[in-house]
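Residue strings, one per chain:
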Amino acid sequence: MINVALPKGRLGEKVYDMFEKSGYECPSIKEVNRKLIFENEEAGVRYFWVKPSDVAIYVERGAADIGVAGKDILLEYAPDVYELLDLNLGKCRMAVAAKKDFRDNTENTLRVATKFTNIAKDYYSKKGRDIDIIKLNGSIEIAPILGLSDVIVDIVETGKTLLENDLEPKETIVPISARLIANKSSFKFKMEQIENIKNSLKAQVKTDD
Amino acid sequence: MFNSNILKNEEKAVFALRSLYRKYGYAPFKMSKFEEYDLYVRNKDFLVSDSVITFTGMNGKLLALKPDVTLSIVKNTKDLPDTVQKVYYNENVYRVSKNTHEFKEIMQTGLECIGNIDVYNIFEVISLAAKSLEAISDSYVLDLSHIGIVSAVLDSIGCSRETGKKILTCIGEKNQSGIEKICSENDISAEDCEKIVSLVGTYGKIEKVLPSLRAICDTPELSAALAEFESICSLLVSSGLGERINIDFSIATDMRYYNGVVFQGFVENVPTGVLSGGQYDNLMKKMGRKSGAIGFAVYLDTLERLNLVEKKYDVDCILLYDETVQAADLAGAVNKLVAEGRNVMVQKTLPENIKYRQLLKINGKEVDELENND
């Protein structure tokens, strides 16, 4: 039995469709209810919906053998897992954004508001820039408007939310997409099944052009 | 002498491993609890975590609670020509847990083989690692890699140190798309990129992987490393360990310390590696030593939850008594129950949250049964 942690939401549903096409279907998952765990004994697979940012934890600790997590989460928490495949889904980028008229005054410490404190710290320490991290859990876009921070480090998909708040992306830190991850120990003992899943998902990955 | 059911996984493992290492002539190595902090400062990168618990000793020297055993053993052995010193240990080390960001005591057992290391010594240590895993669980896998091969492949593509480090991280994650991206960003040719990707993609049983390794072997350094690796692998296969050993180059270790074979052990139902080790001649050189060395550690704390069976009862019987009962009568009743092979908890009132098989009460000299949950 392979345990699969899927991220709740649109991305997770897309990913499930890919698993289904690979022969790991579990029709009960499409029923509208509040259940979180779905099993198809015949196909040897059990799915569960978890918060996207928790997928890596389930996989790292072996509660799930494999899972699908955004590269943002993998960079932020650096879980000890295998990153088997870039699914080329849920594409966006981690970016620095600020008010349109923002100019970085290098005389002062840069105040950075973000959910992704490790990514932000790492990015600025490579640049040798002195920063002050302001950890927020949501509505990051408000921070520069209210003068709480100079810039934000956040995920940018279309840039629409930023635009509506009079902000714009200034620098791209790293492109983001969904990845298939596997627990290191599970990979040893369920190698064949995990490889099969990986290969049939790989055949479905759409390339950009 | 005692019922083996009473022992926890990690305690059973300590006994089993101790007798295993003794069989092969490894001598116990008992260390002092503390070590001079200076030793860790000089070899900070060898440690799994940089944080060390320090305090000032009576003579004013800064001491540390050991975060690592290998460095202390290396420090306390001498370079003796043509001899190999073989020691095993069972010690607590103190490291920062990634999850709680606090210090944690970790019970660790392991062995080190220091001196003029040859192919037999390497084989002996790897097979002892496999036997250690076998002593812990029937279902285990030992992953084997060779740093010489990985570094020769990276050297042959001639990338910068920084890029090499990034590629190594991706190798550790089995992240093929990451490697392809780094290669295209750094003008590494498609051919060289393919070479690294195939290194990541080759894992599995020895007989399956070795032929595909020969295919990418195109420099003298790589050939030399592969020749050594092959001779070790063939020894392992001929001693019957081939089935349980996988070649896997994703074992990411620091190339500044390790040079030859490195390995990592997994047992089923434990989510992390339970054993890790390798040949660390580079560390020896850095510490000013002529000898080579190879060793491994077993992380006993990871075994705590392995095959955990919920106990039905905490205690066989609870024996209740009151003031009217003579202590001598009570002691007699307890001894009788224990002699019958049951464990007994004596209480005046029934404690909360204890699961018991039988509830007894002593009246005068008579023991009555009040409740039986069987």
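Residues numbered from 1 in each chain as written. Chains lettered and ligands numbered in written order. Predicted model: local features only at pLDDT ≥ 70, side-chain atom pairs only at ≥ 80, totals over all residues. Heavy atoms only, no water.

## A few points about the domain arrangement of chain B
Alright, step 1. Domain parsing of chain B yields domain 1 (4-26 + 77-305) and domain 2 (315-372).
Alright, step 2. Of note, the centres of domain 1 of chain B and domain 2 of chain B, computed from C-alpha atoms alone, are 54 Å apart. (Domains from an automatic or database assignment.)

## Some details on the nonpolar core
Alright, step 1. The biggest cluster of nonpolar side chains holds 69 residues, and the ones touching the most others in it are Tyr21, Ile126, Leu213, Phe229, Phe263 and Phe296 of chain B.
Alright, step 2. The dominant element in this core, judged by the number of residues it contributes, is helix H4 (residues 119-136) of chain B, at nine residues.
Alright, step 3. Counting residues in each nonpolar core, the second largest holds 30 residues, with Tyr24, Leu87, Leu89 and Leu201 of chain A among its members. (Core = buried A, V, L, I, M, F, W, Y, C linked by side-chain atoms within 4.5 Å. Buried < 20%, exposed > 50% of the residue type's maximum accessible area, 1.4 Å probe, protein only. Helix = DSSP H or I, 4+ residues; strand = E, 2+ residues; numbered from the N terminus.)

## Overview of the sheet that holds strand E7 (residues 110-114) of chain A
All names here are of chain A.
Alright, step 1. Across the sheet, which stays open at both edges, the five strands sit in the order E8-E7-E9-E6-E10 with mixed pairing between neighbours. At either margin of the open sheet sits one strand with a lone partner, and together these are strand E8 (131-135) and strand E10 (167-176). Averaged over neighbouring strand pairs, the angle between their axes works out to 30 degrees when direction is ignored.
Alright, step 2. In this structure, strand E6 (residues 92-99) lies alongside strand E9 (residues 151-156), joined through six bridges in antiparallel fashion. Of the residues in E9, the one forming a bridge with valine 96 is valine 153.
Alright, step 3. Taken strand by strand, helix H4 (residues 117-127) contacts E6, E7, E8, E9 and E10, and its axis lies near 170 degrees from that of E8. (Pairing = 2+ DSSP bridges. Axes fitted to C-alpha atoms, helices over the stretch in contact; angles between N-to-C directions. Contact = heavy atoms within 4.5 Å.)

## Some remarks on the side chain of asparagine 40 of chain A
Alright, step 1. Here asparagine 40 of chain A shows up in strand E2 (residues 37-40).
Alright, step 2. If near-sequence neighbours (up to four positions away) are discounted, asparagine 40 of chain A is found in contact with Glu25, Cys26 and Val45 of chain A.

## Brief notes about the pattern of salt bridges
Residue and element names in this part refer to chain A.
Alright, step 1. Inspection of the entire model under this criterion finds 31 salt bridges over all chains.
Alright, step 2. Aspartate 104 is the salt-bridge partner of arginine 129, the closest N and O atoms lying 2.7 Å from each other. Here the residue arginine 129 occupies a position in the loop between H4 and E8, and aspartate 104 occupies one in the loop between E6 and E7, the gap between them amounting to 25 residues.
Alright, step 3. Residue classification places aspartate 104 among the partly exposed positions, given a relative accessible area of 34%.
Alright, step 4. Counted as one network, the salt bridges with shared partners bring together Lys71, Glu83, Asp86 and Arg179. (Salt bridge = Lys/Arg side-chain N within 4 Å of Asp/Glu carboxyl O.)

## Quick notes on the interface of chain A and chain B
Alright, step 1. Counting residues at the interface gives 25 residues for chain A and 23 residues for chain B.
Alright, step 2. Taken together, the two surfaces of chain A and chain B that pack against each other cover about 1700 Å², and 49% of this comes from carbon and sulfur.
Alright, step 3. Among the residues chain A hides against chain B, the three largest losses belong to Glu83, Lys188 and Phe189 of chain A. Together they make up 33% of the total.
Alright, step 4. Applying the counting criterion to the chain A and chain B interface returns two salt bridges.
Alright, step 5. A salt bridge links lysine 188 of chain A to aspartate 248 of chain B, with the nearest nitrogen and oxygen atoms 3.3 Å apart.
Alright, step 6. The tally of links from chain A across to chain B stands at eight residue pairs in polar contact (both at pLDDT 80 or more).
Alright, step 7. Across the side of chain A that touches chain B, the residue classes tally to ten nonpolar, three polar and twelve charged. (Buried area = accessible area lost by both parts, 1.4 Å probe. Polar contact = N/O pair within 3.5 Å; in protein donor to acceptor, adjacent residues only side chain to side chain. Nonpolar A, V, L, I, M, F, W, Y, C, P; charged D, E, K, R; others polar.)

## Concerning the sheet that holds strand E1 (residues 27-28) of chain B
Alright, step 1. Across the sheet, which stays open at both edges, the nine strands sit in the order E1-E5-E6-E12-E11-E10-E7-E9-E8 (chain B) with mixed pairing between neighbours. Two strands lie at the open edges of the sheet, namely E1 and strand E8 (203-205) of chain B, each paired on one side alone.

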